[in-house]
Amino acid sequence: MPTVLWFHGLGADKEVHLPELQLFADAGLLAIGVDAAGHGQRPLPDFQRLFSGVADASGALFKTLVGQTISELPVLIDALVDRGLSDPQHIGVAGVSMGGCIVYGAIAADRRVRAAVALLGSPACSCSDGAEQAPARFFPTALLSITADDDQVVPPAAAQALHQQLLHAYASQPERLAYRVIPGAAHCMRPEQWAGAVAQTSAWLVRFVP
């Protein structure tokens, strides 16, 4: 089946997003929630203490968990393909906040990712060494980024800058690149704003994953 891997935000887990997974499944996708490193069924000891301390230390740990989750993606896709659950030509990824950061790194980590949606994420957080990803690593993956206009947790500037850099790489197929802003939205969106963002995510995945 055409498959989407969904990545949650910091401190959450895959079960939090069962409504989104159900929506994707109803649209004809094999929807798989993934626990990021240190989350869900593989919790990081003293998670709350580690992320309530010095900002620099918490930021470094955040990038480590993002990087570890990204590095696991090829093995996860291999397992799905080997078990006959997924077609390697029809793989998509999507995620919110921390999950959005993972999405940006996932595109470069595995070229089998056909479509991607990053909600409220930053490409700057997907590289543990702080280096920027080369625009050439994104095309032809169909990339949609959705940011919140008043996001103080993950400011939209980095995602916006990435899309400006990618315009040339996608010049031959501009329909495969889109950047959208939710006006007046904060990182914790209102229910109707979130519903709209998820609907856009589902439409993008249904368009480009199958």
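Structure: see above.
Residues numbered from 1 in each chain as written. Predicted model: local features only at pLDDT ≥ 70, side-chain atom pairs only at ≥ 80, totals over all residues. Heavy atoms only, no water.

### A few points about the overall build of the protein
Piece 1. Counting its regular elements, the protein contains 6 helices and 6 strands.
Piece 2. Starting at the N terminus and walking to the C terminus, you meet the elements of the protein as β-α-β-α-α-β-α-β-β-α-β-α.
Piece 3. In terms of C-alpha radius of gyration, the protein reaches 16 Å, essentially the compact-globule figure of 17 Å for 210 residues.
Piece 4. Counting only C-alpha atoms, the protein reaches 45 × 40 × 35 Å along its principal axes.
Piece 5. Expressed as a percentage of the 210 residues in the protein, the buried residues total 48%.
Piece 6. Contacts spanning at least 24 positions in sequence make up 74% of the contacts within the protein whose residues lie at least 6 apart.
Piece 7. Looking at charge distribution, the protein has the averaged site of its 13 positive side-chain charges lying 6 Å from that of its 19 negative ones. (Helix = DSSP H or I, 4+ residues; strand = E, 2+ residues; numbered from the N terminus. Rg over C-alpha atoms; globule rule 2.2 N^0.38 Å. Buried < 20%, exposed > 50% of the residue type's maximum accessible area, 1.4 Å probe, protein only. Contact = heavy atoms within 4.5 Å. Lys, Arg positive; Asp, Glu negative; His and termini not counted. Charge placed at Lys NZ, Arg CZ, Asp CG, Glu CD.)

### A short note on the environment of Q152
Piece 1. With respect to the element layout, Q152 can be found in the loop between β5 (142–148) and α5 (157–166).
Piece 2. At a separation of 3.0 Å, a polar atom in the side chain of Q152 contacts the side chain of D150. (Polar contact = N/O pair within 3.5 Å; in protein donor to acceptor, adjacent residues only side chain to side chain.)

### Some points on the packing of helix α1 (residues 18–26) against helix α6 (residues 191–208)
Piece 1. Taken N-terminus to C-terminus, the directions of α1 and α6 make an angle of 35°; their axes are 10 Å apart at the nearest point. For the pair α1 and α6, the sense of crossing is right-handed. Along its contact with α1, which presents E20, L23 and F24, the element α6 presents W194, V198, T201, S202 and L205.
Piece 2. Residues belonging to the contact of α1 with α6 are distributed by class as follows: 5 nonpolar, 2 polar and 1 charged. (Axes fitted to C-alpha atoms, helices over the stretch in contact; angles between N-to-C directions. Left-handed = near helix turned anticlockwise from the far one by under 90°. Nonpolar A, V, L, I, M, F, W, Y, C, P; charged D, E, K, R; others polar.)

### Focus on α5
Piece 1. Among all positions in α5, only A159, L162, H163 and L166 are buried. Buried residues in α5, looked at end-on, bunch into an arc of 95°, giving them a common side. Relative to its buried face, α5 has exposed residues pointing more than 90 degrees away, namely A157 and Q164. (Arc of directions from axis to C-beta.)

### A word on the sheet that holds strand β6 (residues 177–182)
Piece 1. As summarised here, the arrangement of the 6 strands in space is β2-β1-β3-β4-β5-β6, forming an open sheet in which the pairing is parallel. The two strands at the open ends of the sheet, each matched to only one other strand, are β2 (30–34) and β6. Across this sheet, the average inter-strand angle for adjacent strands is 15°, counted without regard to direction.
Piece 2. Pairing of strand β1 (residues 3–7) with strand β3 (residues 91–96) involves 5 bridges; the strand directions are parallel. Counterpart to L5 in the pairing with β3 is V93. (Pairing = 2+ DSSP bridges.)

### With respect to the packing of aromatic side chains
The relation between two aromatic rings is expressed through the spacing of the ring centres and the mutual angle of the planes.
Piece 1. Taken as a whole and assessed by the stated rule, the structure comprises 4 aromatic pairs.
Piece 2. Geometrically, the ring pair formed by W6 and F24 is tilted, given 5.7 Å between the ring centres and 50° between the ring planes. With W6 in strand β1 and F24 in helix α1, the pair connects residues that are 18 residues apart, well separated along the chain. Taken as a pair, W6 and F24 share a single burial class, namely buried.
Piece 3. Where W204 meets F208, the ring centres are 4.6 Å apart and the plane angle is 50°; that geometry is what we call tilted. Taken together, the residues W204 and F208, both in helix α6 and 4 residues apart, mark about one turn of the helix. For the pair W204 and F208, a shared accessibility class is recorded, and that class is buried. (Phe/Tyr/Trp six-rings, centres within 6.5 Å; stacked < 30°, edge-to-face > 60°.)

### Considerations on the side chain of S145
Piece 1. Among the secondary structure elements, S145 is positioned in strand β5.
Piece 2. A polar side-chain atom of S145 sits 2.7 Å from a polar atom in the side chain of H163.
Piece 3. Residues contacting S145, with those up to four places away along its chain left out, are Y104, A118, H163, A178, Y179 and R180.

### What to know about the pattern of salt bridges
Piece 1. Evaluation of the coordinates by the stated rule reveals 7 salt bridges.
Piece 2. With its nearest N and O atoms 2.7 Å apart, the salt bridge here joins R112 to D110.
Piece 3. We classify D110 as buried; its relative accessible area is 6%.
Piece 4. A cluster of three or more residues bridged by salt bridges with shared partners is formed by K14, E15 and D35. (Salt bridge = Lys/Arg side-chain N within 4 Å of Asp/Glu carboxyl O.)

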